[in-house]
Amino acid sequence: MTTFTQLTTEYAARIADLIGASRDPSTVTTERGLIALVQDAAGSLNGSVLEELQEAAADLDAAADRLTDALASRGTDRDLHLARAESHIRLALDLAN
C-alpha cells in the first residue's frame, strides 16, 4: 500500500531536481504540496520541444489527477489512485532522464 508520505519521500526531490525547482523538496509535507509540485513539474516540461519531455509532462498531469482523486477517496479506492499516480511518476522520471 502506497501513501502520500511514501510518494513524497521517494519522489519529491527527484521531481524538483528534474525541473530545477527553487522549492526545497523537504518542505513538501502535505498531500496538496506534493500535488502542487507534480503540477509545477508537468507545466514546466509541457513546453519542451523534446517529445520525451512532453510525454513526461503528460504522465505528471495524469499523476496529479490521480493524487487529487486520492484526496477524495478512502480505502481501496485511495490505494488504487496512489498506486496509479506512482506508476505515472515513475514513467515520467524515466522519460525525462
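Provided above is the structure to which this section pertains.
Only a predicted model underlies this, so the values are computations on that prediction, with no experimental measurement involved.

A closer look at helix α4 (residues 75-96)
Inference 1: Relative to the 32 Å expected for 22 residues at 1.5 Å per residue, α4 spans 32 Å between its end C-alpha atoms, a close match to the ideal helical length.
Inference 2: Within α4, burial applies to Arg78, His81, Leu82, Ala85, Glu86, Ile89, Ala92, Leu93 and Ala96. The buried side chains of α4 occupy one side of the element, clustering within an arc of 140° when seen end-on. Structural note: α4 exposes Thr76 and Asp94 on the side pointing more than 90 degrees away from its buried face.
Inference 3: Those residues of α4 that are buried are in contact with α1 (4-19), α2 (31-46) and α3 (51-71).

Here's the deal with the packing of α3 against α4
Inference 1: Between α3 and α4, whose axes approach to 8 Å, the crossing angle comes to 165°. With respect to their mutual orientation, α3 and α4 come out roughly antiparallel. The handedness of the crossing between α3 and α4 comes out as left-handed.
Inference 2: Here the contact of α3 with α4 is composed, by residue class, of 15 nonpolar, 2 polar and 7 charged.

Conventions adopted
- Residues numbered from 1 in each chain as written.
- Predicted model: local features only at pLDDT ≥ 70, side-chain atom pairs only at ≥ 80, totals over all residues.
- Heavy atoms only, no water.
- Helix = DSSP H or I, 4+ residues; strand = E, 2+ residues; numbered from the N terminus.
- Expected span 1.5 Å × (residues − 1).
- Buried < 20%, exposed > 50% of the residue type's maximum accessible area, 1.4 Å probe, protein only.
- Arc of directions from axis to C-beta.
- Contact = heavy atoms within 4.5 Å.
- Axes fitted to C-alpha atoms, helices over the stretch in contact; angles between N-to-C directions.
- Parallel < 35°, antiparallel > 145°, perpendicular 65-115°, else oblique.
- Left-handed = near helix turned anticlockwise from the far one by under 90°.
- Nonpolar A, V, L, I, M, F, W, Y, C, P; charged D, E, K, R; others polar.

It is worth stressing that arrangement in space is one thing and function is another; only the former is reported here.
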